[in-house]
Amino acid sequence: MDYFEVVRKRCACRDYLPDMVEAEKLAAILDCARLAPTANNRQEFKVIVLRTAGREQELRRIYYREWFAQAPYVLGVCSIPARCWTRGDGKVYSDVDAAIVMDHMILAATALGLGTCWVANFDPPAAREILHLEPGWEPVAFTPLG
């Protein structure tokens, strides 16, 4: 699939099969996250990979929709705003960097025949607790992957 076909094919999936994602596909998606450009190449982000099996109720505390925990994985992108590049007028680029990372992963998943759905409407305190985030880390976006 060429790039333009991937972009046209990408959609917000809200129905997932329980089939496991092959380790090679997950690794390729995470490698695309690693390769994502960030402001001043700070790379102040992390991707948290959560297996959903047995954690459906807990994950629905992050985002309440049934389909959110239906896929075999949920990926979360987090950043550290205090360590991300800041433009001269004070604009912190942590959300921009995290968005680029998420977009790289979503497009890679599409190219590999997997579904995703960008989720920004989540409960930040629940996400921080469930992800065991250290102080300074901020959850930015999530996607099911399957």
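Reference entry: report on the structure contained in this document. (Residues numbered from 1 in each chain as written. Predicted model: local features only at pLDDT ≥ 70, side-chain atom pairs only at ≥ 80, totals over all residues. Heavy atoms only, no water.)

1. Observations concerning the nonpolar core
So, step 1. Leu59, Ile62, Trp67, Phe68, Val119, Leu131 and Phe142 are the most contacted members of the largest nonpolar core, which totals 23 residues.
So, step 2. Listing elements by their share of this core, those giving two or more residues are strand E1 (45–51), helix H3 (56–62), strand E2 (73–79) and helix H5 (124–131).
So, step 3. Examining the composition of this core, we find that 3 residues originate from one element, H5, more than from any other.
So, step 4. If sequence neighbours within four positions are ignored, Phe68 has contacts with Leu59, Ile62, Tyr63, Val74, Val119, Phe142 and Pro144.
So, step 5. In this structure, Leu26, Ala33, Leu75 and Ile106 belong to the second largest nonpolar core, which totals 20 residues. (Core = buried A, V, L, I, M, F, W, Y, C linked by side-chain atoms within 4.5 Å. Buried < 20%, exposed > 50% of the residue type's maximum accessible area, 1.4 Å probe, protein only. Helix = DSSP H or I, 4+ residues; strand = E, 2+ residues; numbered from the N terminus. Contact = heavy atoms within 4.5 Å.)

2. Thoughts on the packing of aromatic side chains
So, step 1. Under the counting rule described, the total for this entry stands at 7 aromatic pairs.
So, step 2. Geometrically, the ring pair formed by Tyr3 and Phe4 is edge-to-face, given 5.5 Å between the ring centres and 80 degrees between the ring planes. Judged on exposure class, the residue Tyr3 and its partner Phe4 are both exposed.
So, step 3. Seen from their ring centres, Tyr63 and Tyr64 are 5.1 Å apart, and the 45 degrees between their planes marks the pair as tilted.
So, step 4. Overall, the relative accessible area of 9% leaves Tyr63 in the buried class.
So, step 5. Pairwise contacts between aromatic rings join Tyr63, Tyr64, Trp67, Phe68, Phe122 and Phe142 into one cluster.
So, step 6. Over the ring of Trp137 we find Lys46; its NZ or CZ atom is 4.4 Å from the centre of that ring.
So, step 7. The ring of Tyr93 is capped by Lys91, whose NZ or CZ atom sits 5.8 Å from the centre of that ring. (Phe/Tyr/Trp six-rings, centres within 6.5 Å; stacked < 30°, edge-to-face > 60°. Lys NZ or Arg CZ within 6 Å of the ring centre and 35° of its normal.)

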